[in-house]
Amino acid sequence: MAISRIFRRERLDNYLESDQHFAKTMSAKDLMSLGIGAVIGTGIFILPGTIAAQYSGPGIVLSFLLAAIVCSTAAMCYAEFASVLPVAGSAYSYGNLVFGEIIGWVLGWALILEYVLAVAAVANSFGAYFNSLLKGFNLALPTAVTGPYDPAHGTYGNIIAILVVILISWLLSRGMRESMRINNVIVIVKIAIIILFVLVGIFYVKPANWHPFAPFGTKGILRGASTVFFAYLGFDVVSASAAEVKNPKKNMPIGIIGTLVVASVLYMLVAVVLTGMVHYTRLNVADPVAFALTLVHQDWTSGIISLGALAGMFTMMVTMIYSSSRLIYSIGRDGLLPKFLGKIDDETGTPRNSLAVITVVIALLGGFVPLAQLTNLVNIGTLVAFLFVSFGILRLRRLKGLPQNSGFKVPLYPVLPIISGLLCFGMMLQLPAETWIASSIWFALGLVIYFSYGLHHSRLNDQD
């Protein structure tokens, strides 16, 4: 097979024709809800405390700001792609349209890794957190159904993890209009709980706790920024919904960039109040926000924070399961996976087949497999996509035959896309060696599938 074949690019009009069966129901507000649902999880109640204690001190607020600036470079690249190419599949489809099929497949394979592992790990945590909540009411599930398959410790499956994945998939299968209503409500509850902490905590702030502001120096703030960078990952899933958005040229950039702005403000507010309530040296605990509230005798708020954590995990799973189903649909649409995955249900305007398959995979992983050692793979999958999307802007601007971009454009072109790509590569180099080894195995498996199945079933073959 000639090298030119695997680098053949898909045509935009083919994607637009396939994706026109989606119901276009989503607004900029819905997109921001999706994005915030993915980005703001339980980490907002943990990272500001633990990173302050270990690396940044009260300067953690600058760590969050620096990480947000780094993420914003990639976010702007995604916003331009979504404005020019309003199709399902996010970076997978962008890669196919701009670089060629083999690059698109690699990006799609990276995103499958990101989405599936992220949701499975969070489902696992949701089950554990839910069980802890039950204990507060003197209730308990049998030990056998409260953890991954581990007979030595008496657990055979996490039933709550499995059930929450099935529940979310059932909601999504009913159509995006109804799903977004529920997701929007839960996101509002989550934000309200975060604001409640800020409003309660601000009365207990002691400015003396902010001194010294940067006890570990500039190096500590930069180390903190590299660590909290991963707290912002998730805004990219907004681009997966482009085919279901009203006026995507306007609403997609608002959804992507707006998500990052709101998430940054919330992280920084929690960081400022938390380090003002309690000296940073005391915050290296598993639940620093709840710990701070207990110290100031606001124990009643701790229960509400637990509810906020559950809400955070729920909306993250909604967004990621939604995005992963659109990704699998997109790959099936192109024939690189079985074509039944690329079908859209006429009644609901959703890809029910891909949703059903991804639900089974995530439920099995989240319910039965210990995932603690695999979560770094989520980061490398995301950064690979960020890297290609960033450098892809350089190629997008030069390609002929694409619609003229009357929407969002990355400022300071070509400097900003190049900086974004280099920053993403730099973040990849921060990941441990075992993550690189495991991801290499994953990508090698992906290439085997592409050359043994996808290449021969691709719909690009019909254009020969």
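On a predicted model such as this, the values are computed, not experimentally measured, just so you know.

Cut-offs applied
Residues numbered from 1 in each chain as written. Predicted model: local features only at pLDDT ≥ 70, side-chain atom pairs only at ≥ 80, totals over all residues. Heavy atoms only, no water. Helix = DSSP H or I, 4+ residues; strand = E, 2+ residues; numbered from the N terminus. Rg over C-alpha atoms; globule rule 2.2 N^0.38 Å. Buried < 20%, exposed > 50% of the residue type's maximum accessible area, 1.4 Å probe, protein only. Contact = heavy atoms within 4.5 Å. Lys, Arg positive; Asp, Glu negative; His and termini not counted. Charge placed at Lys NZ, Arg CZ, Asp CG, Glu CD. Expected span 1.5 Å × (residues − 1). Disulfide = S-S within 2.5 Å. Patch = residues over 30% accessible without salt bridge, like charges linked within 9 Å, V, L, I, M, F, W, Y side chains within 5 Å. Areas by Shrake-Rupley, 256 points an atom, 1.4 Å probe, with all protein chains shown as cover. Salt bridge = Lys/Arg side-chain N within 4 Å of Asp/Glu carboxyl O. Core = buried A, V, L, I, M, F, W, Y, C linked by side-chain atoms within 4.5 Å. Axes fitted to C-alpha atoms, helices over the stretch in contact; angles between N-to-C directions. Parallel < 35°, antiparallel > 145°, perpendicular 65-115°, else oblique. Nonpolar A, V, L, I, M, F, W, Y, C, P; charged D, E, K, R; others polar. Left-handed = near helix turned anticlockwise from the far one by under 90°. Pairing = 2+ DSSP bridges. Phe/Tyr/Trp six-rings, centres within 6.5 Å; stacked < 30°, edge-to-face > 60°. Lys NZ or Arg CZ within 6 Å of the ring centre and 35° of its normal. Polar contact = N/O pair within 3.5 Å; in protein donor to acceptor, adjacent residues only side chain to side chain.

Caption draft 1: Molecular detail of the overall build of the chain. Across its full length, the chain holds 17 helices and two strands. A globule of 464 residues ought to have a C-alpha radius of gyration of about 23 Å, and the chain, at 22 Å, matches this closely. Projected onto its principal axes, the C-alpha coordinates of the chain cover approximately 70 × 55 × 40 Å. Among the 464 residues that make up the chain, the fraction classed as buried is 58%. Look at the contacts in the chain between residues 6 or more apart in sequence, and 83% of them connect residues 24 or more apart. One finds the centroid of the 29 positive side-chain charges in the chain at a distance of 7 Å from the centroid of its 21 negative side-chain charges.

Caption draft 2: Main features of helix α7 (residues 101–136). Its 36 residues place the ends of α7 52 Å apart at the C-alpha level, agreeing with the 52 Å of an ideal helix rising 1.5 Å per residue. Most of α7 sits inside the fold, with 27 of its 36 residues counted as buried. The positive-phi residue at the C-terminal boundary of α7 is N138, with phi of around 60°.

Caption draft 3: Layout of the state of the cysteines. One pass over the structure, following the stated rule, counts zero disulfides. Among the cysteines around C71, which has no disulfide bond, C424 carries the closest sulfur, lying 7.9 Å off. Free cysteine C77: the closest other cysteine sulfur is in C424, separated by 8.2 Å.

Caption draft 4: Structural view of a positive patch on the surface. On the surface, K29, R177, R181 and K246 cluster together into a positively charged patch. Assignment of secondary structure puts K29 in helix α3 (residues 28–39).

Caption draft 5: The arrangement of the nonpolar core in detail. Ranked by internal contacts, the top residues of the largest apolar core, which has 146 residues, are F197, Y232 and F235. Of the residues forming this core, the biggest block, 19 residues, is contributed by α7. Each residue touching Y232, except ones within four places of it in the same chain, is listed here: V39, F64, A67, A68, C71, L260, A263, S264 and Y267. Judged by nonpolar contacts, the second largest core, of five residues, contains F22, A243, Y329 and I344.

Caption draft 6: Up close: the side chain of N379. Along the chain, the position of N379 falls in helix α15 (residues 376–396). Those residues in contact with N379 that sit more than four places away from it in its chain are F230, L233 and L431.

Caption draft 7: Structural detail: the packing of helix α5 (residues 60–84) against helix α11 (residues 248–277). Between α5 and α11, the least distance of the axes is 9 Å, while the angle of their chain directions is 175°. Considered as vectors, α5 and α11 are oriented roughly antiparallel to each other. Split by residue class, the contact of α5 with α11 holds 20 nonpolar, four polar and one charged.

Caption draft 8: Molecular detail of the environment of L422. With respect to the element layout, L422 can be found in helix α16 (residues 415–429). With relative accessibility at 54%, the residue L422 sits in the exposed group. L422 sits 143 residues away from H279 along the chain, and the two C-alpha atoms are 36 Å apart.

Caption draft 9: Just the packing of α5 against helix α10 (residues 217–228), in detail. Interhelical geometry of α5 versus α10 gives an angle of 55° and a closest axis separation of 8 Å. With respect to α10, the axis of α5 lies oblique. With respect to the hand of their crossing, α5 and α10 are arranged in right-handed fashion. Contacts between α5 and α10 involve I60, L62, S63, F64, L66 and A67 from the former and G220, I221, L222, G224, A225 and V228 from the latter. Tallied by class, residues from the contact of α5 with α10 come to nine nonpolar, three polar and no charged.

Caption draft 10: Quick peek at unusual backbone geometry. P212 follows H211 through a cis peptide bond whose omega is -5°. Within the secondary structure, P212 sits in the loop between α9 (176–201) and α10. For the peptide bond that leads from Y413 to P414, omega is 5°, which places it in the cis range. A positive phi is found at S90, a non-glycine position, where the angle reads about 55°. Mapped onto the fold, S90 is located in the loop between α5 and α6 (91–98). A residue is classified by how much of its surface remains accessible, and S90, at 1% relative accessible area, is buried.

Caption draft 11: How the structure looks around the pairing of strand β1 (residues 146–150). As defined by bridge partners, β1 adjoins strand β2 (residues 155–158) across three bridges and the pair is classed as antiparallel. Within the sheet, the bridge partner assigned to D150 lies in β2 and is T155. In textbook terms, the turn of a hairpin is the stretch between consecutive antiparallel strands, and for β1 and β2 this stretch comprises four residues, one of which, G154, has a positive phi near 80°.

Caption draft 12: Local environment of the packing of aromatic side chains. Under the counting rule described, the total for this entry stands at 17 aromatic pairs. Plain terms: the ring middles of F235 and F386 are 5.3 Å apart, the flat faces sit at 35° to each other, and that makes the pair tilted. One end of the pair, F235, is in the loop between α10 and α11; the other, F386, is in helix α15, and 151 residues separate them in sequence. Residue F235 is classed as buried on the basis of its relative accessible area, which comes to 0%. Joined through ring pairs, the aromatic side chains of W105, W109, W442, Y450 and F451 make up one cluster. We note R333 situated over the ring of Y15; from NZ or CZ to the ring centre the distance is 3.7 Å. In this structure, R397 packs its charged tip against the face of Y413, placed 4.1 Å from the ring centre.

Caption draft 13: Structural detail: the side chain of T155. Among the secondary structure elements, T155 is positioned in strand β2. Looking at T155, its side chain comes within polar contact range of the main-chain oxygen of P148, at 2.7 Å. Apart from residues no more than four positions distant in its own chain, T155 is found in contact with T143, A144, T146, G147, P148, Y149 and D150.

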